[in-house]
Amino acid sequence: MDDLTQRDFLERVPPGAKVCVTDLENADRQGTVRYRTPDIELHCTTCNGTRFFAFLGTADYIGKRESFKSFLSYYCRNCRRCQKSYAISGTYEEAANKWVLYKYGEEPAFGPPTPARAITLIGPDRDEFLKGRRCENQGLGVGAFVYYRRVVENQKGRIFDEIIRVSRHLGADEALIAELEGAKTEVQFTKATEAIKHAIPQSLLINGYNPLTLLHSALSQGVHELTDEQCLEVANSIRIVLIEFADRLAQAMKDEAELNDAVSRLANKKAG
Ligand SMILES: [Zn+2]
């Protein structure tokens, strides 16, 4: 069991794990010992970034080192609106002379948030994707991989429609559009990506790589050939590429719109 601080336990430990917390006991000026409730750093959905969260209320007394179960409420120090709740329990292990903490759950769910753009790209499979996310957060590699693969396979048409929309918008080669349209009718995502021979627009590349090729290489591995840990790595890559890709697609449309605005403003100026 890892030795962690109370702050690490709250910020970094997924529900379902037991850890030793080394700095749990916190005596006030009168010498009353309560569990520690440090400020923590989390993503705030209201502020849309990482912010400090402060504990709200009074921590339970643990001076007699009796086992406890507790709900902890935190709120964002910046907007004072976004909240975070934890359900935890603690047991003092005499032999080891340590507090062992267990996290039952937290709300909103553990882990970094999934950007809205990625959710939009995935559409109807949002729940499946978030289940994959939950597996990934808890280190369940096979589960995460299977959920993500299912999302990509199910939403293949949607992903291709989006690439076609953006490619058209960017004035891509008609041959590429035709290939993309054809690929959409393939049953499997890997088969569909293999059918595309023309280069996709530069602005959709991720570090110079075609995101479809990246997803293809992740998805073409069989779950039975990989260990749980390898599945977790692949699942992690699929999620990162999907999120990044959703971002590129949205950004490409935005950049183009801004460029058009700028051009028409200047053109009007000249005409005026
Ligand atoms: Zn906030």
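Before reading further, recall that the structure is shown in the block above.
Cut-offs and rules
Residues numbered from 1 in each chain as written. Predicted model: local features only at pLDDT ≥ 70, side-chain atom pairs only at ≥ 80, totals over all residues. Pairing = 2+ DSSP bridges. Helix = DSSP H or I, 4+ residues; strand = E, 2+ residues; numbered from the N terminus. Core = buried A, V, L, I, M, F, W, Y, C linked by C-beta atoms within 7 Å. Buried ≥ 20, exposed ≤ 12 C-beta atoms within 10 Å, placed from the backbone. Contact = placed C-beta atoms within 7 Å.

Attention shifts here to the pairing of strand β7 (residues 68–76). Of the pairings in the sheet, the one linking strand β6 (residues 49–56) to β7 comprises four bridges and is antiparallel in character. Its bridge partner being in β7, Ala54 is matched across the sheet by Tyr75. Here eight bridges tie β7 to strand β8 (residues 83–93), and the two strands are oriented antiparallel to one another. Bridge assignment links Lys69 to a residue of β8, and that residue is Ser89. Hairpin geometry of β7 and β8 is characterised by an intervening segment of six residues between the two adjacent antiparallel strands and by a positive phi of about 60° at Arg80.

Counting residues in hydrophobic clusters, the biggest one holds 35 residues, and the most contacted among them are Ala144, Tyr148, Leu215, Ala235, Ile238 and Leu249. For this core, the secondary-structure elements that each account for two or more residues are α2 (116–122), α3 (126–137), α4 (141–154), α5 (156–169), α6 (174–184), α7 (189–194), α8 (211–219) and α9 (228–271). Among the elements that make up this core, the one with the highest residue count is α9 (11 residues). Discounting chain neighbours no more than four positions away, the residues touching Tyr148 are Gly132, Ala235, Ile238 and Arg239. One finds Cys44, Phe53, Cys82 and Trp99 within the second-largest nonpolar core, a separate group that totals 16 residues.

Our focus in this paragraph is unusual backbone geometry. For the bond running from Glu107 to Pro108, omega is -5°, close enough to zero to count as cis. One can find Pro108 in the loop between β9 (98–107) and α2. One non-glycine residue with positive phi stands out, namely Asn48, at about 60°. Its location among the elements puts Asn48 in the loop between β5 (40–44) and β6. For Asn207, which is not glycine, the phi dihedral falls at a positive 50°. Among the structural elements, Asn207 can be located in the loop between α7 and α8.

Glancing now at the environment of Val146. Summarising the element assignment, Val146 is placed in helix α4. Sequence separation between Val146 and Cys231 is 85 residues, and the spatial gap between their C-alpha atoms is 8.8 Å.

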